[in-house]
Amino acid sequence: MDTCKTDTAAAVDIRDRMNIVIVGSVDHGKSTLLGRLYADTGTLPEGKIEKIQAICKQQGKEFEYAFLFDAFLEEQQQGVTIDTARTFFQWAGRQYIIIDAPGHKEFLKNMISGAARAEAALLLIDALEGVKDQSKRHGLLLSMLGVKQVTVVVNKMDLVDYSRETFALIEKEYRAFLSQLDVTPQFVIPASAKRGDNIAAPSPHMAWHDGPTVLESLAQFSSESEQAEQPLRFPLQDVYKFDARRILTGRIASGRLKVGDQVIFSPSNKSAVVQTLEAFNVDPPPTQAQAGQSVGITLDEQIFVERGEIVSHERSLPLVSTTFRANLFWLGRRPLEMGKSYLVRLATHEVECRVAAIHRIVDADNLSLDQQQTNTVVKRNEVADVTIQAKAPLAFDLYTDFETTGRFVLVDDYDVSGGGIITEMVADREETLRTEARQRDFAWVTGDVTLADRAKHYGHRAALVLLIGPDTTGKTFLAKKVESTLVAEGRHVYMLDPENLRRGLDADLQEEDARETIRRYGEVARLLIDTGVLLISTTNSFNLPADQVVEAIRTLVHPAPVLTVYMSKETTASPVEADLAFTGPEDFTSTAHAILTALKEKGILAETIGNQPVFQFSI
Amino acid sequence: MRHLRQLEDQSVYIFREAYKHFDNLGMLWSMGKDSTVLLWLARKAFFGHVPFPLLHVDTSYKIPSMIEYRDRLAREWRLNLVVGQNKQALAEGMNHERGRVECCTALKTNGLKLLLEEKGYTGIILGVRADEESTRAKERYFSPRDKNNDWDFRDQPPELWDQFKTSFPPNTHIRIHPLLDWTEINIWEYIKLENIPFMDLYLNRGDGTRYRSLGCAPCTFPIKSTASTVDEIIEELRATKVAERAGRAQDEGRGMELLRKDGYM
């Protein structure tokens, strides 16, 4: 089969490369434009045009440039491009990767896949048909996908007698539409791909056009990323320990990272200094890196951090919340349902979530904001304004500030089924406590003993076991049992009863100061956890619903692991999604052992003392 | 050079996503220029290590020096090499004279299928490139295959913002393509930039021919070429208008489309 190779005229050193997506309604001439671009830049393999011409003659069809690219037999039968295809050409020292995205409505998924990789777009409009719904929809999606460099090509000008007036009307209408989306096309070009007008060479039929040709417009787009000039965002991808080095890897989404930088991990609020940048077959090793680069770093201390965290400098931190508002497009076979569980993937972070609200379905035709609708589903190919609520806090940014950390996809079952851009952080109930925890953690002064040292010494990771459920179910009795069992093994364990704070630390508080009671408890727990202890606690003394208690404590001791155990006399559903649940009078010895087993399974408790718990170095 | 580093960064990212998400991962290595660049990129991604086995589906018809090169690098780079072969088809005398597509299907597609069944790999990394031929131009970076190894190119998953398809139903697997965006010239530019060892079959060694693409001896033909260095190859490729796989017999007609739909690399 054929490939595309450049001719000698373009055989100069390639300075850079750029991904271009071509979008437009069906029959607006995308494939023809591509065929023309390749033919006119001398890119096509020898004999390709002649071969296609011969086939056309044989089948009694008129030759079209579009045929050059419709390589699949299946496609030729249907006459439409089926999937995103990539082709390459070089021009004036730049390598272009052309992503041909189909225009059929049912193939929107592929158009989005194509456009999501693009740095610039060619958007085609048929001069005869004018601005269609699909043209508007494509404009909307390009703006959501973050493609900011756009050339609008008003194609088939030969069919409107190269009329300057027709062109001017289309340009005016489409510019007005795009401006509502904050998209300003750099160029609007009248052209005819079929006749070759204003594609590679200026058109003799449209001398009134004083702008560039399509090819010239591409050359004017920048492939330089401005992201290096933004604050640092480095989503952690993985942690490796193939040899003596413990290397944290990922791709820098924006900004710069240098050896010696003090960096913060969000949402865990951990902090460390970058000791080295690691690289294979690079001598001398690099000392700094910037947006776009896949890198590996080592830190001055072994802190426990994991995939999904976003590394930044302290002066510009990402937002952290469980909840955010977003514009979302849905591609799933099944509609997106409010309340149903999905997986949100934001940079490298993955967490379970649900759609808490569907505010409106965005109408691409008029982008109307005034219609109040009540929807509980978003159907395939629809765009909606929604609120997403995740099960655990995650770090992110607003899309207008940061591209990579401001967008996400939703996974339904096995499939990536939708994508969105974050428009607003929504403060959840724990926002105040979370902010407090962040400020407190950044300023936290530590000794030379790390959490990892303590974990090895005690044979467990510092953690909190919370016993929840109605009164008189034996929670305190069980807590004592777990404490004594573990201490007998030589572990560092402490039962912290909230009652013990009442007359002392909380002596100034009244019954109604429930939130403050829990804040103080959470801070005490945080302090003790920093000593490496495994805390066990009951929760009855808090005058608040169990789910609020657990969430508040979780927020304050974050990122220490919390194991929740629900105890009840009858089979009743736990108000909190508990890790373990026990009903009725229990054999407390076996219950205690069930908790120990769960702690081992979660990697909190090592099998024996002196062993490192598996979580810590499981890499 | 910047464009090569951009390609490298993307490939490394893909490698690391694959390693994170797949417990049972393997990488196909045909010893050709592409899969050797792939191997080099794996060492980049994992800082000199290759933390998964390299799979070679041996048709028994490879050019002998390819096998020597394979074993030498496996030793020097401490690679975990797994060789698979469709022994039954070979015992029954399968060869290209029974039909090139038939032979490729039996020894490569089915040879790979047997290896996948035996080892239960859920992720397979391959060095296919979009510019090689039309069906590969339609590939995703993470491309699902059903339980029969079939590729449904008409209904591929969306691939947004480097969020790849990493979850899949039981008994299916994912083909992972870190080199998808690379062109043939990029491969040679990168071999030069990183000084990657490659087989001298790619060079003219005095007889005015060289191999541009390597496969089985009976179905791979050298091209006329005077290029005897990497620089000369790059220069030659910039001027050529002949397809890279013109010397690969199984590509003729609808060969590749039929082969790839059924699970060919």
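Residues numbered from 1 in each chain as written. Chains lettered and ligands numbered in written order. Predicted model: local features only at pLDDT ≥ 70, side-chain atom pairs only at ≥ 80, totals over all residues.

Undergrad: What exactly am I supposed to notice about the overall build of chain A here?
TA: When helices and strands are tallied, chain A shows 14 helices and 27 strands. The buried share of chain A, reckoned over its 619 residues, is 47%. Nonlocal contacts in chain A, meaning residues at least 24 apart in sequence, comprise 73% of its contacts between residues at least 6 apart. (Helix = DSSP H or I, 4+ residues; strand = E, 2+ residues; numbered from the N terminus. Buried ≥ 20, exposed ≤ 12 C-beta atoms within 10 Å, placed from the backbone. Contact = placed C-beta atoms within 7 Å.)

Undergrad: How do you make sense of the overall build of chain B when you look at a structure like this?
TA: Of regular secondary structure, chain B possesses eight helices and eight strands. Taken against the 2.2 N^0.38 rule, which gives 18 Å for 265 residues, the C-alpha radius of gyration of chain B at 18 Å falls within 12% of a compact globule. A total of 265 residues make up chain B; the buried ones form 52% of that total. Contacts in chain B between residues far apart in sequence, at least 24 positions, make up 77% of those at least 6 positions apart. (Rg over C-alpha atoms; globule rule 2.2 N^0.38 Å.)

Undergrad: I would appreciate a short explanation of the sheet that holds strand β23 (residues 463-468) of chain A in the present structure.
TA: Each strand in a sheet pairs with another by means of backbone hydrogen bonds, the pair being arranged parallel or else antiparallel. Residue and element names in this part refer to chain A. Strand order in the open sheet formed by five strands is β24-β25-β23-β26-β27, with parallel pairing between adjacent strands. Looking at strand neighbours, the two that pair on one side only are β24 (493-495) and β27 (580-583), the edges of this open sheet. Taking the axes of each pair of neighbouring strands and ignoring which way they run, one obtains an average angle of 15° across the sheet. Where β23 and strand β25 (residues 534-538) come together, five bridges link them in parallel fashion. In the strand pairing of β25, Leu464 is matched with Leu535. The strands touched by helix α12 (residues 514-530) are β23, β24 and β25; relative to β25, the strand with the most contacts, the crossing angle is about 155°. Of the strands in this sheet, β23 and β26 (562-568) are in contact with helix α13 (residues 546-557), which crosses β23 at around 175°. (Pairing = 2+ DSSP bridges. Axes fitted to C-alpha atoms, helices over the stretch in contact; angles between N-to-C directions.)

Undergrad: How should the environment of Lys30 of chain A be read in this particular structure?
TA: Residue and element names in this part refer to chain A. You can see Lys30 is positioned in helix α1 (residues 30-40). Here Lys30 falls in the buried class, since 26 other C-beta atoms lie within 10 Å of it. Counting along the chain gives 310 residues from Lys30 to Lys340, while the straight-line C-alpha distance between them is 39 Å.

Undergrad: For this particular structure, what's the right way to read the sheet that holds strand β5 (residues 142-145) of chain B?
TA: Residue and element names in this part refer to chain B. Read from one edge of the open sheet, six strands run β3-β2-β1-β4-β6-β5, paired in mixed fashion. Of all the strands in the sheet, just β3 (81-84) and β5 have a single pairing partner and so form its edges. Recorded for the sheet is a direction-independent mean angle of 30° between the axes of neighbouring strands. Sitting on the sheet, helix α5 (residues 100-119) touches β1 (25-28), β2 (54-57), β3 and β6 (173-176), and the angle it makes with β2 is about 140°.

Undergrad: It is not clear to me how the nonpolar core should be interpreted in this structure. Could you clarify?
TA: Nonpolar side chains tend toward joint burial in soluble globular proteins. Residue and element names in this part refer to chain A. Ile20, Ala115, Ala121, Val153 and Val154 are the most contacted members of the largest nonpolar core, which has 170 residues in total. Broken down by element, the residue count for this core peaks at eight residues, all from strand β20 (residues 383-396). Leu478, Val533, Leu535 and Val550 belong to the second largest nonpolar core, which has 45 residues in total. (Core = buried A, V, L, I, M, F, W, Y, C linked by C-beta atoms within 7 Å.)

Undergrad: Where do I start with unusual backbone geometry in this structure?
TA: Note: most peptide bonds trans; most residues except glycine with negative phi. All names here are of chain A. With an omega of 10°, the peptide bond between Ser266 and Pro267 qualifies as cis. A cis amide bond, omega 0°, links Asp283 with the succeeding residue Pro284. Note on placement: Pro284 falls in the loop between β11 (270-278) and β12 (288-290). Although it is not a glycine, Lys156 sits at a positive phi angle of roughly 60°. The class for Lys156 is buried, based on 24 C-beta atoms found within 10 Å. One non-glycine residue, Asn281, lies in positive phi territory at about 60°. Secondary-structure assignment places Asn281 in the loop between β11 and β12.

Undergrad: Got a minute to help me understand the environment of Val23 of chain A in this structure?
TA: Here Val23 of chain A shows up in strand β1 (residues 16-24). Here the alpha-carbon distance between Val23 of chain A and Val152 of chain A, two residues 129 residues apart in the chain, equals 9.7 Å.

Undergrad: Sorry, what's going on with the packing of helix α1 (residues 2-21) of chain B against helix α2 (residues 33-45) of chain B here?
TA: A pair of packed helices is characterised by two quantities: the angle between their axes and the separation of those axes. Residues and elements named next belong to chain B. Close contact between α1 and α2 brings their axes to 9 Å; oriented N to C, the two are set at 75°. It follows that α1 is roughly perpendicular to α2 by the angle criterion. In contact with Glu8, Ser11, Val12, Phe15 and Arg16 of α1, α2 contributes Leu41, Ala42, Lys44 and Ala45. The residue inventory of the contact of α1 with α2, partitioned by class, reads five nonpolar, one polar and three charged. (Parallel < 35°, antiparallel > 145°, perpendicular 65-115°, else oblique. Nonpolar A, V, L, I, M, F, W, Y, C, P; charged D, E, K, R; others polar.)

From the geometry alone we can't say anything about function, so treat these as descriptive.
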